[in-house]
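This is what each chain is made of:
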Amino acid sequence: MSIACCLPVVECVYCLACTRWVWQRCLHTTGYDSETWGLASSGEFEPVPRLCRFILAVYEDDLETPQWAPPGGYGIEPRWVVRRRTPEHAQGRAPTYLLYVDHRHADVVLAVRGMDMAKESDYAVLLDNRIGQAGFDGGYVHNGLLKAAEWVLDAECDALRDLLATNPGYTLTFAGHSLGSGVAAMLALLAVRDRERLGGVERRRIRCFAMAPPRCMSLNLAVRYADVINSVILQDDFLPRTDIPLEDIIKSLFCLPCLLCGNCLIATCIPESVMLRDPRRLYAPGRLYHIVERKPFSAADVEDIRLPLEQQFQLTADLST
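So, here is what we can say about the structure in this document. (Residues numbered from 1 in each chain as written. Predicted model: local features only at pLDDT ≥ 70, side-chain atom pairs only at ≥ 80, totals over all residues. Heavy atoms only, no water.)

## Some thoughts on the environment of Ile131
Line of reasoning, step 1. In this structure, Ile131 sits in the loop between α5 (120-127) and β5 (134-136).
Line of reasoning, step 2. Of the residues examined, Ile131 reaches a relative accessible area of 55% and is grouped as exposed. (Helix = DSSP H or I, 4+ residues; strand = E, 2+ residues; numbered from the N terminus. Buried < 20%, exposed > 50% of the residue type's maximum accessible area, 1.4 Å probe, protein only.)

This is the structure we're talking about:
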């Protein structure tokens, strides 16, 4: 057709699609994503900074002599650490995690670190997925993350049950960053489904905080478990937003421009409403908190922390209180 019309039709369509995609990204700012959301309350967001420090502590080999402690430390009492497990302990089936009893806040915490770029096993967890491969409770989840969570829960089920029995009334919190947040979200799903394995702990005592999570569950699951799972997204973080499967990104590192250009065409030719109707499409898990650091042409620090109205949990309290 291009030759017959003496015009490079295919090339023109391709260039227009890429130009449209780039133009939208240049005009788009992170504040637009959540401009219709309500503000989150300080009480709802209170555990996040503390759990972020716990997740950072997982990166330390020895908490007695930490090497990368942030100002003020990790807020962890080393004698309350139950155990720390590495991929070597898990035979490559799960990333490094830490089991800790936070007696100050009456909380049993299982924190999972983010992806270790030097560990082939972490790549294997991420790449172990195909669209619609793993079903769960009427929806779909990321297969590799689910299998990693199943291994962790099998390994720590007895310990978690004993800790909750020894400390009645304590909450059970799963927390993680990046790859670890996906595993933590899957752990929360499994814990809610298999509460009897954990001594019959009530659903309201199980919670998850996923920092910069990957897309790991279908939309129906994200909404149904929004009372348990909380996702925290900073500014314009790439990982929770990309609708390109993570396994495709890793496989295409040597031809990433090809992948991005293909995504431009898909974003241009397929309406968002059509993609939303695909029940296999994965989304960030649970209730979303969006930290907006700054708006265009603004030098202000963190302006607000927003909570989506469409997650059916509207909170409208001022963070400054």
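Back to the text.
## Some details on the nonpolar core
Line of reasoning, step 1. Ranked by internal contacts, the top residues of the largest apolar core, which has 51 residues, are Phe174 and Met186.
Line of reasoning, step 2. Excluding residues within four positions of it along the chain, Phe174 makes contact with Leu110, Leu160, Ala184, Leu187, Ala188, Ala191, Ile206, Arg207, Cys208 and Phe209.
Line of reasoning, step 3. Grouped together as the second largest cluster of nonpolar side chains are 22 residues, Phe54, Ala57, Leu63 and Ile76 included. (Core = buried A, V, L, I, M, F, W, Y, C linked by side-chain atoms within 4.5 Å. Contact = heavy atoms within 4.5 Å.)

## Quick notes on helix α7 (residues 179-193)
In an α-helix, one full turn covers 3.6 residues, which means residues spaced three or four apart are oriented alike.
Line of reasoning, step 1. Between the first and last C-alpha of α7 there are 22 Å, a value that for 15 residues agrees with the 21 Å anticipated at 1.5 Å per step.
Line of reasoning, step 2. α7 sits mainly inside the fold: 14 of its 15 residues count as buried. (Expected span 1.5 Å × (residues − 1).)

## Re the pairing of strand β7 (residues 171-177)
Line of reasoning, step 1. Counting buried residues in β7 gives five out of seven residues, a clear majority hidden from the surface.
Line of reasoning, step 2. One ladder, built from six bridges, connects β7 with strand β8 (residues 206-211); its direction is parallel. Counterpart to Phe174 in the pairing with β8 is Cys208.
Line of reasoning, step 3. Once you follow β7 into α7 and on to β8, the crossover reads as right-handed. (Pairing = 2+ DSSP bridges. Right-handed = clockwise from strand over helix to strand, strands pointing away.)

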